Number of protein chains: 2
Amino acid sequence: MNLSIAEENYIKSIYKLEEEGQDAVTTNALAGELDTKPASVTDMAKKLKEKKLIAYEKYQGINLTPEGKKAALSIIRRHRLWECFLVDKLSFSWEEVHELAEELEHVRSEKLTNRLSEFLGNPQIDPHGDPIPDAQGKLGKPRVQTPLHKAKAKRLEVVAVSDKSTALLEFLNAKGIRLGTQLDVIERYEFDNSIELKIRNQPAFTISEQVSKNIMVKPI
Amino acid sequence: MNLSIAEENYIKSIYKLEEEGQDAVTTNALAGELDTKPASVTDMAKKLKEKKLIAYEKYQGINLTPEGKKAALSIIRRHRLWECFLVDKLSFSWEEVHELAEELEHVRSEKLTNRLSEFLGNPQIDPHGDPIPDAQGKLGKPRVQTPLHKAKAKRLEVVAVSDKSTALLEFLNAKGIRLGTQLDVIERYEFDNSIELKIRNQPAFTISEQVSKNIMVKPI
DNA sequence: AATAAAGTTTAGGTAAATCTAAATAAAAGG
DNA sequence: CCTTTTATTTAGATTTACCTAAACTTTATT
């Protein structure tokens, strides 16, 4: 199956939204994710249905077929491997790599992908903590992790960040929050669900619910 | 200046044809190089003229402006650095990398390009022996080299291959001819300008003028 | 220099991926 | 259950990068 870049981006976003729990991905949600208009999504849905990559009926939302899911995992594999490359080999920081990987992922060559993986030591997780599908499209199960705003323990370790927007990643970087960082929860404020945190010896600071929703943690 | 992939490919091809000696690049030559139709070239020429990347007057052919040349060198830099990466780090062979680099080169990020260069040890030449423009777009002058069919010395070293078609590169690979290979000229046959060669201890073999024209050598 | 041949441009059209505006369907609220 | 709001789709345009066929220049040949 030969996909255009636009088609690949749709497949990737549908996969993402399915993962986030929606049973069928809505036209509007997909338009929001791809920063496009609902009408454009409807057009593309027809095309992807034609290619048997999604199940789609008018007004009924979108789901990936097994074939579509395979395509999604292949794209995600390339994306995450390039992120590893940029961070491990070219010393990019955490928050810079998403946009670049978004471009590099569209070079579809299995040989390149597999050699890149080998070169990187066949990494299992990318710099944001997300698992990397293997060459067969098998995805190591996402590790036990909770969004920070739901975590119960007082002492936590950051294992992933679910929103990859540069704005958030820059914010986290500025606060010193990265993969593996240990956080101590000082206080939870009910009125706005903000959380007061402390890292090691640094002064405490507060983050909004918006932010804590996107920080995945595990208890230590 | 933000260029589309198509525009970048035109700029690159114009640069290549200018280098190959044509004073002004003709519509037909460019169509041939890009495997497209002359009418399409005319369309694009108007657009690139608008963007001040080429000088173009109806029926008078095309030349890069200084700005266009700068753009070309930037693309070529990315292309050749990725070729180095593929060969040096991912163990691709000589003839496989051109097509892949053709895709990777369109990721335009100066930061990525410069970090990649650094990671590779700021190489001066790519795996085919062509010089790599530096970050300022300065191109080390192409080294002293002659096409094999014009070389006079008996013992020669391969320094570059001018035709990058997979077919030729595969042929050379099969014969054991690569960058740095030492060749001994056994005999030159006038009737068809073929050349009998020998590499180290291997049995001698003959190559056509077609091939020898595209192998650049220097005397040892 | 006239004409044939080759090269180039124009005109008009197509496919992909987008958009806006209008129409239609589904969901939510009273 | 009827109506309003929200979500989705359709219809019709637009842009980019192509194409073919016809018209027009330039160059080469007699």
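Since this is a predicted model, take the numbers as computed values, not measurements.

## Considering the relation of the copies chain A and chain B
Each copy of the sequence occupies a distinct position, and chain A is placed on chain B by a rotation of 180 degrees and an axial shift of 0.1 Å, giving an RMSD of 0.5 Å. Taken together, the rotation and translation describe the operation of a two-fold axis. Distance from the rotation axis, computed per C-alpha, reaches its smallest value in chain A at Leu104 of chain A: 3.4 Å. Of the residues that chain A buries at the interface, 100% are likewise interface residues in chain B, meaning the two copies contact each other through the same surface.

## Examining the protein's contact with DNA strand C
Of all residues adjacent to DNA strand C, which total 20 residues, the nearest are Ser4, Thr36, Ser40 and Lys47 of chain A together with Tyr56 of chain B. The sugar-phosphate portion of DNA strand C accounts for 76% of its atoms within 4 Å of the protein, the bases making up the rest. Between Asp43 of chain A and DNA strand C, the recorded distance is 3.3 Å, taken from a side-chain N or O atom to a base oxygen. Elements that contribute at least two residues to the surface near DNA strand C include exactly helix 1 (5–19) and helix 3 (38–50) of chain A together with helix 2 (27–34) and helix 3 (38–50) of chain B. Of the residues belonging to the surface near DNA strand C, the class tally is eight nonpolar, seven polar and five charged.

## Details of the interface of chain A and chain B
Contact residues are listed per partner, giving 20 residues for chain A and 20 residues for chain B. Across the interface of chain A and chain B, roughly 1,700 Å² is buried in total on both sides, 73% from carbon and sulfur atoms. Lys111 of chain A is paired through a salt bridge with Glu96 of chain B; the nearest N and O atoms lie 2.3 Å apart. Applying the counting criterion to the chain A and chain B interface returns six residue pairs in polar contact (both at pLDDT 80 or more). Secondary-structure elements contributing two or more residues to the side of chain A that touches chain B are helix 4 (66–89), helix 5 (97–104) and helix 6 (110–119) of chain A. Per-element accounting of the side of chain A that touches chain B gives the leading share, five residues, to helix 6 of chain A. Taken together, the residues that form the side of chain A that touches chain B break down as 11 nonpolar, three polar and six charged.

Cut-off values and rules
- Residues numbered from 1 in each chain as written.
- Chains lettered and ligands numbered in written order.
- Predicted model: local features only at pLDDT ≥ 70, side-chain atom pairs only at ≥ 80, totals over all residues.
- Heavy atoms only, no water.
- Least-squares fit on C-alpha atoms with pLDDT ≥ 70 in both.
- Contact = heavy atoms within 4.5 Å.
- Near = heavy atom within 4 Å.
- Polar contact = N/O pair within 3.5 Å; in protein donor to acceptor, adjacent residues only side chain to side chain.
- Helix = DSSP H or I, 4+ residues; strand = E, 2+ residues; numbered from the N terminus.
- Nonpolar A, V, L, I, M, F, W, Y, C, P; charged D, E, K, R; others polar.
- Buried area = accessible area lost by both parts, 1.4 Å probe.
- Salt bridge = Lys/Arg side-chain N within 4 Å of Asp/Glu carboxyl O.

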